[in-house]
Amino acid sequence: MSDPISLREAEKKAFTSLHNDGLWDIMIGSILLIIALAPGLSDRLGDFWSSFIFLPVWGVLYLVILWVRKSVVAPRLGSAQFSQRRNARLHKLTILLILVNIVALVLGSLVLVLGWTSGWLVPALFSLILVGGFSLAAYWVDMNRLYVYGLLAGMAPLAGEWLYRQELAGHHGYPLTFGITSGVIILVGIGMFIHMLMHNPLPTPEA
């Protein structure tokens with residue numbers, strides 16, 4: 001009975017090792033950065049609908065990350081084929097990201113149509129969506145730092161609303177709070193990527 005558990009632990013360690021290059025951290029931070037930049041695009045559409053403009057940017061960034069992982073990371077760390085269980089979790093993560101975006105857009109449409117521009121309901125719901133989404137992602141892909149990112153992202157709408165009510169920030173504080181949150185995550189990702197490069201040089205032809 002111990003062999004399957006050992007294999008799962010080995011696969012978990014291999015997956016974690018291969019994804020400690022910081023690239024997905026940079027991707028996550030860039031997605032949150034869109035929330036910080038979107039409000040400045042349209043005062044009428046606000047914090048949600050203008051994010052559609054960034055969809056092509058997401059696609060390009062995703063392709064760039066895949067290229068960097070194949071051309072820069074794989075020669076240093078190698079590659080691995082994971083089990084169907086692990087691959088299924090990765091597919092669930094993709095679906096989860098799509099659902100989170102759909103829920104955010106629905107919430108944004110309610111704000112626009114019903115005029116929910118006051119109160120703490122919208123920022124509280126947005127915080128719950130972010131914390132719940134990051135927590136599920138952390139559980140599915142075994143990345144504990146995603147729990148921390150979820151807490152940071154979950155605090156951003158509430159902190160932004162407080163700053164907005166104190167007249168210290170515009171657009172419900174999203175440019176400031178999500179800008180800081182995304183900046184922290186991107187810097188962590190860049191640091192992890194540099195650490196990976198420094199400690200995993202390209203193998204020599206002799207090796």
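Just above sits the structure.
Residues numbered from 1 in each chain as written. Predicted model: local features only at pLDDT ≥ 70, side-chain atom pairs only at ≥ 80, totals over all residues. Heavy atoms only, no water.

## Here we look at the overall build of the protein
Item 1. A tally of helices and strands in the protein yields 8 helices and 0 strands.
Item 2. Ordered by position in the sequence, the α and β elements of the protein form the string α-α-α-α-α-α-α-α.
Item 3. Relative to its full complement of 207 residues, the protein shows a buried share of 37%.
Item 4. Residue pairs at least 24 apart in sequence account for 75% of intrachain contacts in the protein once pairs closer than 6 positions are excluded. (Helix = DSSP H or I, 4+ residues; strand = E, 2+ residues; numbered from the N terminus. Buried < 20%, exposed > 50% of the residue type's maximum accessible area, 1.4 Å probe, protein only. Contact = heavy atoms within 4.5 Å.)

## Examining the nonpolar core
Item 1. In terms of nonpolar packing, the biggest core is built from 17 residues, with Leu32, Ile35, Phe126, Leu146 and Phe178 touching the most fellow members.
Item 2. Put simply, the parts of the chain that give this core at least two residues each are helix H2 (23–37), helix H6 (121–141), helix H7 (145–165) and helix H8 (174–199).
Item 3. Looking at this core, the element that brings in the most residues is H6, giving 6 residues.
Item 4. Sequence-distant contacts of Phe178, defined by excluding residues within four places in its chain, comprise Leu32, Ile35, Ala36, Phe126, Leu130, Ala153, Ala156 and Pro157.
Item 5. The next biggest cluster of nonpolar side chains, apart from the first, holds 7 residues, and it includes Ile65, Val68, Val73 and Phe193. (Core = buried A, V, L, I, M, F, W, Y, C linked by side-chain atoms within 4.5 Å.)

## Quick notes on unusual backbone geometry
Item 1. Even without a glycine there, the phi angle at Glu167 is positive, about 60°.
Item 2. With respect to the secondary-structure elements, Glu167 resides in the loop between H7 and H8.

## Quick notes on the pattern of salt bridges
Item 1. Scanning the model with the defined rule gives 3 salt bridges in all.
Item 2. Note that Arg69 and Asp21 form a salt bridge whose closest N and O atoms lie 2.8 Å from each other. You can see Arg69 sitting in helix H4 (residues 55–77) and its partner Asp21 sitting in the loop between helix H1 (2–18) and H2, a full 48 residues away along the chain.
Item 3. Under the relative-accessibility criterion, Arg69 is labelled buried at 15%.
Item 4. You can call Asp21 buried: its relative accessible area is 0%. (Salt bridge = Lys/Arg side-chain N within 4 Å of Asp/Glu carboxyl O.)

## Observations concerning the packing of H2 against H8
Item 1. Two elements in contact, H2 and H8, have axes separated by 8 Å at closest approach and are oriented at 165°. Taken as axis vectors, H2 and H8 run roughly antiparallel relative to one another. The handedness of the crossing between H2 and H8 is left-handed.
Item 2. Each residue belonging to the contact of H2 with H8 can be placed in one class, and the counts come to 15 nonpolar, 6 polar and 1 charged. (Axes fitted to C-alpha atoms, helices over the stretch in contact; angles between N-to-C directions. Parallel < 35°, antiparallel > 145°, perpendicular 65-115°, else oblique. Left-handed = near helix turned anticlockwise from the far one by under 90°. Nonpolar A, V, L, I, M, F, W, Y, C, P; charged D, E, K, R; others polar.)

Keep in mind that these numbers describe shape and distance, not what the molecule does.
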